[in-house]
Amino acid sequence: MQSSELVGRDLGAVSFPVDRSKVAELARAFGDEDPAWFDTEAAAAAGFDGEPTQPTITVLGDHWREGGALAHAEALQLDLARLLHGEASWEYLLPVRVGDRLTARSEVTGTSTREGKRGGKMTFFTIETTYENQRGELAVRRKDTLIERGESA
Amino acid sequence: MSDVSTSTLPVAPIALAVGDEMPAFEFGPLTRTDFVRYAGAGGDFNAIHHDEPYAQGAGLPSVFGMGMLPAGILGSRVAAWVGPDNLRAFAVRFSGQVWPGDRLTFSGRVTALGREGEPRAELELVVETTKGEPVMQATAEAAIAASD
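Rules used throughout
- Residues numbered from 1 in each chain as written.
- Chains lettered and ligands numbered in written order.
- Predicted model: local features only at pLDDT ≥ 70, side-chain atom pairs only at ≥ 80, totals over all residues.
- Heavy atoms only, no water.
- Helix = DSSP H or I, 4+ residues; strand = E, 2+ residues; numbered from the N terminus.
- Contact = heavy atoms within 4.5 Å.
- Phe/Tyr/Trp six-rings, centres within 6.5 Å; stacked < 30°, edge-to-face > 60°.
- Buried < 20%, exposed > 50% of the residue type's maximum accessible area, 1.4 Å probe, protein only.
- Buried area = accessible area lost by both parts, 1.4 Å probe.
- Salt bridge = Lys/Arg side-chain N within 4 Å of Asp/Glu carboxyl O.
- Polar contact = N/O pair within 3.5 Å; in protein donor to acceptor, adjacent residues only side chain to side chain.

**Here's the deal with the environment of A:E128**
All names here are of chain A.
Okay, step 1: In this structure, E128 sits in strand β4 (residues 121-132).
Okay, step 2: Note: C-alpha distance between E128 and G110 (18 residues apart in sequence) is 9.2 Å.
Okay, step 3: Ignoring anything within four residues of it in the chain, the contact list for E128 reads R105, S106, E107, T109, R142 and K143.

Quick look at the structure:
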């Protein structure tokens, strides 16, 4: 199949909770000891109206997708051994709080090909995901570029 | 830190000027445990990041870190600098893989000020290894305090 035929492909939706434990686990993984990531009272004492979350909190959806972080690559039938994550970007419209429930909806919005430096065709896939909270408000938009490297010559 | 129970995350937008720098941060040397801890937290169980025989079977010297680990660390450093609620946009471009033993440095600075319904600062951010190998280039946009 031509990669351009994938533009507009619906990659499905997943709904997931933003848990205190996962925010704390991410903070530990990031070497970030600020107590606001770990403790409700520390967040309140700092002046937050609720408990804040990290800029990459949207990764939590991967725990709830069949196929996890590779779900989109698998849906596009990419060769995982040749897969690269090229870019990721987020636009924040509303704060995401511990206790929120987010619904992520993903779609392929673009594809392109380019000759790789070491030969072989590289294929680029742009995937856009919206995250709506439990009140139906759009909280975050995310865009990812996945790259499938060419077969090595 | 005098009181370990006190958060230092900014809540309200902070004042920033062109040239202001993000507090420097270093992470590492990276271990396989760091990759596994992030896999559990973030949900990326691609075997190439934790299964040594699988990674070597794919022709790699060892497992390597998921790009979202340094991206996440960078995000948390930016949040600690400008305040998590004040971040309006964050974009990362992965330029190199991270390997066990790498030490990563995180830096950033204000490159421009503007206004989009509120005062904003544009930030340029860089992650590299202590050997100077590029890992990630990123940009961010933050709401900032109005200047007098």
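**Considerations on the packing of aromatic side chains**
Okay, step 1: With the rule as written, the count across this model stands at 5 aromatic pairs over all chains.
Okay, step 2: Between A:F30 and B:Y38 the ring centres are 5.9 Å apart and the planes differ by 25 degrees, which places this aromatic pair in the stacked class. Remark: B:Y38 occurs in helix α1 (residues 32-42) and A:F30 occurs in the loop between α1 (20-29) and α2 (40-46); the pair is interchain, linking two chains.
Okay, step 3: Residue classification places A:F30 among the buried positions, given a relative accessible area of 0%.
Okay, step 4: Relative to B:W99, the ring of B:F64 has its centre 5.5 Å away and its plane inclined at 50 degrees; by these criteria the two rings are tilted. Here B:W99 lies in the loop between β2 (87-94) and β3 (104-115) and B:F64 lies in the loop between α2 (52-57) and α3 (68-82), a separation of 35 residues in the sequence.

**Regarding the interface of chain A and chain B**
Okay, step 1: Contacts between the two partners involve 40 residues from chain A and, on the opposite side, 40 residues from chain B.
Okay, step 2: Carbon and sulfur atoms make up 64% of the area that chain A and chain B hide from each other, which totals about 3,100 Å².
Okay, step 3: Scanning the region where chain A abuts chain B turns up 2 salt bridges.
Okay, step 4: Where A:R97 meets B:D85, a salt bridge forms, and the shortest distance between an N and an O atom there is 2.7 Å.
Okay, step 5: For the pair chain A and chain B, the number of links is 13 residue pairs in polar contact (both at pLDDT 80 or more).
Okay, step 6: For the side of chain A that touches chain B, the secondary-structure elements that each account for two or more residues are α1, α2 and β2 (83-92) of chain A.
Okay, step 7: Of all the elements, β2(A) adds the most residues to the side of chain A that touches chain B, at 9 residues.

**A closer look at the side chain of B:N86**
All names here are of chain B.
Okay, step 1: Tracing the backbone shows N86 in the loop between α3 and β2.
Okay, step 2: Only 3.3 Å separates the side chain of N86 from the backbone oxygen of V11, close enough to count as a polar contact.
Okay, step 3: Excluding residues that lie within four positions of it along the chain, N86 makes contacts with V11, A12, P13, E141, A142 and A143.

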